[in-house]
Amino acid sequence: MNSYLPRRSDRDRDRPTKQPPKRGHQQTTPKPHPDPPRLADTPTRSARAPTAMEAKPHTARVLVGRLRGAAAACDGAATAAAVADIRLASKDDPDIRAPLAEAGAVPLLAAQLTSSAGAPAASVDAAAALLNISISAREQVASAPGLLDALTAALRTDAAHHAAATVHSLLCAESQRAAIGARRPLLAALVALLRAPPSTRATKDALKALFGVALYPPNRATLVSLGAVQALFALVMTDGRDGIVEDATAVVAQVAGCAESLEAFRWVSGVRILLDLVESGGAATPRARENAAAALLNLVVAGGDAAAAEVANVGGAEETVRELAEDSTASPRGKAKAEALLRALEGAAAAAARKREHRFADFLNGIVQSDPYISSPSPASTQG
């Protein structure tokens with residue numbers, strides 16, 4: 001034993017000897033676990049920023065609130081500005097259209113169409129805003145009280161093209177066609193637009209709306225009674241604007257599908273005009289030619305033998321229709337309409353021939369029975 005080493009005292013005898021750390025290992029002091037966040041530290045709904053979907057209804061309520069307040073205060077300038085802002089918002093942001101309807105914008109905008117105190121610009125902006133909103137919230141717009149009356153009034157103003165386009169937008173829903181078709185003043189205003197001074201936008205929007213109206217069969221007789229046939233054929237014969245003749249013949253084809261249309265066609269020589277369009281080179285566009293063939297077919301189907309005879313009695317009618325049916329450059333739709341029309345005309349001609357034979361036979365029988373000097377043929381002899 002080495003005597004020069006210091007002896008451990010009794011106090012240090014039981015103290016554990018500090019061991020040096022092993023190489024490759026490092027002592028780390030455990031970090032305290034962080035306390036969980038308290039309830040007061042959790043962000044609440046009112047504290048966080050609203051999401052984009054939440055911001056749309058808020059913006060819509062603000063815009064509608066401004067319009068409601070300005071209208072209540074009878075402030076024309078503020079009302080016009082609020083309507084213009086709603087139009088701009090509904091044009092630029094499709095996602096805000098339904099929230100605008102939910103916030104009550106539709107009745108307020110409709111009121112601007114019938115307000116005598118409103119400025120013409122406000123009426124145009126209101127009609128345009130209603131059109132925009134109807135694209136995304138059709139049912140909410142259609143169910144607004146007084147809307148159809150307001151649109152009827154707007155059809156007679158500078159806002160006519162927006163009003164007609166709104167009617168067309170509503171008619172895209174089949175459930176609205178009967179309700180709109182029952183409004184004779186509204187339909188009369190649409191027909192009147194066809195006779196108004198040339199305005200391509202208003203005329204085209206009116207034609208689209210009338211096409212939607214005529215898709216519901218019970219509405220066709222109403223349109224005939226309002227003079228739609230005369231107005232439509234006037235456009236076909238005199239209007240040279242792009243697309244107008246095509247749209248007009250499309251409406252003619254729909255209106256022709258009722259029995260009441262035959263007499264109206266007679267007044268304007270409609271059958272002759274349509275056959276001229278069916279003839280090769282008679283129409284400016286293939287679509288107008290197809291629409292003319294469809295109109296004649298619908299007229300014959302709805303009008304029966306009388307309508308078929310009306311078509312067949314026009315010189316060269318069958319040859320004209322057959323030419324379209326055999327035209328290799330015609331569209332499949334146009335050829336199909338022509339083929340169906342040709343079969344209808346051939347069937348009507350055969351029926352008319354049979355009817356003439358029966359009439360001639362009845363005539364001979366009548367002569368035999370009325371003339372005592374003409375005896376009926378004797379029965380065959382049974383004796384040899």
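Residues numbered from 1 in each chain as written. Predicted model: local features only at pLDDT ≥ 70, side-chain atom pairs only at ≥ 80, totals over all residues. Heavy atoms only, no water.

Chemist: What exactly am I supposed to notice about the overall build of the chain here?
Modeler: On a plain count of helices and strands, the chain comes out with 20 helices and zero strands. Considering only intrachain contacts with a sequence separation of at least 6, the fraction spanning at least 24 residues in the chain is 68%. Of the accessible surface of the chain, which amounts to about 22300 Å², a share of 55% is contributed by carbon and sulfur atoms. (Helix = DSSP H or I, 4+ residues; strand = E, 2+ residues; numbered from the N terminus. Contact = heavy atoms within 4.5 Å. Areas by Shrake-Rupley, 256 points an atom, 1.4 Å probe, with all protein chains shown as cover.)

Chemist: What's the story with the nonpolar core in this structure? I'm lost.
Modeler: Generally speaking, nonpolar side chains in soluble globular proteins are found buried as a group. Counting residues in hydrophobic clusters, the biggest one holds 104 residues, and the most contacted among them are Leu100, Leu109, Ile133, Leu147, Leu190, Leu232 and Leu274. Ignoring anything within four residues of it in the chain, the contact list for Ile133 reads Ser90, Arg97, Leu100, Ala101, Ala105, Val106, Leu109 and Val141. (Core = buried A, V, L, I, M, F, W, Y, C linked by side-chain atoms within 4.5 Å. Buried < 20%, exposed > 50% of the residue type's maximum accessible area, 1.4 Å probe, protein only.)

Chemist: Whenever I open this one, the packing of helix H14 (residues 228–238) against helix H17 (residues 270–278) confuses me. Can you help?
Modeler: When two helices pack together, their arrangement is captured by the angle between the axes and the distance separating the axes. Two elements in contact, H14 and H17, have axes whose closest approach is 12 Å; the angle formed by their N-to-C orientations is 40 degrees. The pairing of H14 with H17 is recorded here as oblique in orientation. Considering only the axes of H14 and H17, their crossing is left-handed. Taken together, the residues of H17 that come into contact with H14 (itself represented by Phe233, Val236 and Met237) are Gly270, Ile273, Leu274 and Leu277. Counted by class, the contact of H14 with H17 contains six nonpolar, one polar and no charged residues. (Axes fitted to C-alpha atoms, helices over the stretch in contact; angles between N-to-C directions. Parallel < 35°, antiparallel > 145°, perpendicular 65-115°, else oblique. Left-handed = near helix turned anticlockwise from the far one by under 90°. Nonpolar A, V, L, I, M, F, W, Y, C, P; charged D, E, K, R; others polar.)

Chemist: I keep staring at the pattern of salt bridges and nothing clicks. Help me out?
Modeler: Counting across every chain of the model gives 13 salt bridges. Here Glu246 and Arg287 are joined by a salt bridge, their closest N and O atoms 2.9 Å apart. Here the residue Glu246 occupies a position in helix H15 (residues 244–255), and Arg287 occupies one in helix H18 (residues 286–312), the gap between them amounting to 41 residues. Among the residues examined, Glu246 registers a relative accessible area of 19% and is labelled buried. The class of Arg287 is partly exposed, set by a relative accessible area of 35%. (Salt bridge = Lys/Arg side-chain N within 4 Å of Asp/Glu carboxyl O.)

Chemist: What is the right way to read unusual backbone geometry from this model?
Modeler: Excluding glycine, a negative phi dihedral is what most residues carry, and trans is how most peptide bonds are arranged. The phi torsion at Cys74 lies on the positive side, around 55 degrees, for a residue other than glycine. Here Cys74 shows up in the loop between helix H2 (52–72) and helix H3 (76–92). The class for Cys74 is exposed, based on a relative accessible area of 69%. For Ser269, which is not glycine, the phi dihedral falls at a positive 55 degrees. Locating Ser269 in the fold gives a position in the loop between helix H16 (261–267) and H17.

Chemist: Please explain the packing of H14 against H15 as it appears in this structure.
Modeler: The contact between H14 and H15 brings their axes to 9 Å, and the two run at 150 degrees. With respect to H15, the axis of H14 lies roughly antiparallel. Regarding H14 and H15, the two cross each other, and that crossing is left-handed. Facing Val229, Leu232, Phe233, Leu235 and Val236 of H14, the residues of H15 in contact are Ile244, Val245, Ala248, Thr249, Val251, Val252 and Val255. Broken down by class, the residue content of the contact of H14 with H15 amounts to eleven nonpolar, one polar and no charged.

Chemist: How should the environment of Ala338 be read in this particular structure?
Modeler: Structurally, Ala338 is set in helix H20 (residues 332–370). Ignoring sequence-local partners within four residues, the contact set of Ala338 consists of Val321, Leu324 and Ala325.

Chemist: Just to check I follow, could you spell out helix H9 (residues 160–171) for this structure?
Modeler: Note that an α-helix has 3.6 residues per turn; residues three or four places apart therefore point the same way. Look at H9: 16 Å from first C-alpha to last across twelve residues, which is about the 16 Å you get at 1.5 Å a residue. Counting buried positions along H9 gives eleven out of twelve residues, so the element sits mostly inside the fold. For H9, the full list of buried residues reads Ala160, His161, His162, Ala163, Ala164, Ala165, Thr166, Val167, Ser169, Leu170 and Leu171. (Expected span 1.5 Å × (residues − 1).)

Chemist: Hey, could you run me through the packing of aromatic side chains in this one?
Modeler: Any aromatic ring pair is given by two values, namely how distant the centres are and how the planes are angled relative to each other. The final tally for this structure, using the stated rule, is one aromatic pair. Ring centres 5.3 Å apart and planes at 85 degrees place the aromatic pair Phe233 and Phe265 in the edge-to-face group. Placement of the pair is Phe233 in helix H14 and Phe265 in helix H16, with a sequence separation of 32 residues. Per residue, the accessibility class of Phe233 equals that of Phe265, and both read buried. (Phe/Tyr/Trp six-rings, centres within 6.5 Å; stacked < 30°, edge-to-face > 60°.)

Chemist: Can you help me understand the environment of Arg138 in this one?
Modeler: Its place among the elements puts Arg138 in helix H7 (residues 138–142). On the basis of relative accessibility, which here comes to 25%, the residue Arg138 falls in the partly exposed class. Beyond its immediate chain neighbours, meaning those up to four positions away, Arg138 contacts Ser169, Leu170, Cys172 and Ala173.

Chemist: Help me out: how do you make sense of helix H5 (residues 105–114) in this one?
Modeler: Ala105, Val106, Leu109, Ala110, Gln112 and Leu113 are the residues of H5 that are buried. The arc that holds the buried residues of H5, viewed along the axis, is 150 degrees, so those residues lie on one side. (Arc of directions from axis to C-beta.)

Chemist: Please clarify how a negative patch on the surface should be interpreted in this entry.
Modeler: On the surface, a cluster of negative charge is contributed by Glu279, Glu323, Glu326 and Glu339. Here Glu326 shows up in the loop between helix H19 (317–325) and H20. Overall, Glu326 belongs to the exposed group, its relative accessible area being 60%. (Patch = residues over 30% accessible without salt bridge, like charges linked within 9 Å, V, L, I, M, F, W, Y side chains within 5 Å. Lys, Arg positive; Asp, Glu negative; His and termini not counted. Charge placed at Lys NZ, Arg CZ, Asp CG, Glu CD.)

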